[in-house]
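Structural overview
As a plain string of letters, each chain reads:
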Amino acid sequence: MSSETGSQPVREAAGRIVDLVLTEDDVYLDSLPDEVEVSIAVPLIEVARMLDEPTGDREFRRSVRLLLEVGAVVSPCMPSELRDLFEELRFAMRGLTLR
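Below or above, wherever it landed, is the structure these notes cover. In this text the structure is predicted, and so the values were computed from the model without any measurement. (Residues numbered from 1 in each chain as written. Predicted model: local features only at pLDDT ≥ 70, side-chain atom pairs only at ≥ 80, totals over all residues. Heavy atoms only, no water.)

1. Brief notes about the side chain of Ser63
Tracing the chain through its elements places Ser63 in helix 5 (residues 57-74). Not counting chain neighbours up to four residues away, the residues in contact with Ser63 comprise Glu46, Val47 and Met50. (Helix = DSSP H or I, 4+ residues; strand = E, 2+ residues; numbered from the N terminus. Contact = heavy atoms within 4.5 Å.)

Following this line, the structure appears as structure tokens:
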């Protein structure tokens, strides 16, 4: 099993956050509380870049861990749908599925 296959649930969960937050018009991102927007924007853009341009699994997971770390700090301020997607990503990183 390649690392790409092994990280597929993480890539899918991260992709759902990217799809929700990073729209072409940035409406969702701009609607977030300032502390959430400032905290997650840069790490999320990096994760999005890595989803678009295949990178090594180690680098991708490092970027996802950073996103999860900053997201954990501002999680209480997140809209519930975004908080749920971060929780899904956290479970995917642990190799679990959230159903």
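2. Re the pattern of salt bridges
The final tally for this structure, using the stated rule, is five salt bridges. A salt bridge links Arg49 to Glu46, with the shortest nitrogen-to-oxygen separation between them at 2.5 Å. Placement of the pair is Arg49 and Glu46 together in helix 4 (residues 34-52), with a separation of three residues, close to one helical turn. What makes Arg49 partly exposed here is its relative accessible area of 33%. Accessibility expressed as a relative area gives 28% for Glu46, which makes it partly exposed. (Salt bridge = Lys/Arg side-chain N within 4 Å of Asp/Glu carboxyl O. Buried < 20%, exposed > 50% of the residue type's maximum accessible area, 1.4 Å probe, protein only.)

3. A few points about the packing of aromatic side chains
Applying the stated criterion across every chain, the model contains zero aromatic pairs. Its guanidinium or amino end placed over the ring of Phe60, Arg11 lies 4.2 Å from that ring's centre, counting from NZ or CZ. Above the ring of Phe91, the side-chain terminus of Arg94 is found at 5.8 Å from the ring centroid. (Phe/Tyr/Trp six-rings, centres within 6.5 Å; stacked < 30°, edge-to-face > 60°. Lys NZ or Arg CZ within 6 Å of the ring centre and 35° of its normal.)

4. Quick word on the nonpolar core
Counting 29 residues, the largest nonpolar core has Val21, Ile40, Leu82 and Leu89 as its most contacted members. For this core, the secondary-structure elements that each account for two or more residues are helix 2 (8-21), helix 3 (27-31), helix 4, helix 5 and helix 6 (80-93). Excluding its chain neighbours within four sequence positions, the residues that come into contact with Ile40 are Leu32, Leu67, Val70, Gly71, Val74, Met78, Leu82 and Phe86. (Core = buried A, V, L, I, M, F, W, Y, C linked by side-chain atoms within 4.5 Å.)

5. Focus: the packing of helix 2 against helix 4
Here helix 2 crosses helix 4 at 120°, and the two axes come no closer than 10 Å. One finds that helix 2 runs oblique with respect to helix 4. Between helix 2 and helix 4 lies a crossing whose hand is left-handed. Here helix 2 contributes Arg11, Ala14, Gly15, Ile17, Val18 and Val21 to the contact with helix 4, which in turn contributes Leu44, Val47, Ala48, Met50 and Leu51. For the contact of helix 2 with helix 4, a count of residues per class yields nine nonpolar, one polar and one charged. (Axes fitted to C-alpha atoms, helices over the stretch in contact; angles between N-to-C directions. Parallel < 35°, antiparallel > 145°, perpendicular 65-115°, else oblique. Left-handed = near helix turned anticlockwise from the far one by under 90°. Nonpolar A, V, L, I, M, F, W, Y, C, P; charged D, E, K, R; others polar.)

Interpretation note: all reported values are geometric properties and have no functional meaning in isolation.
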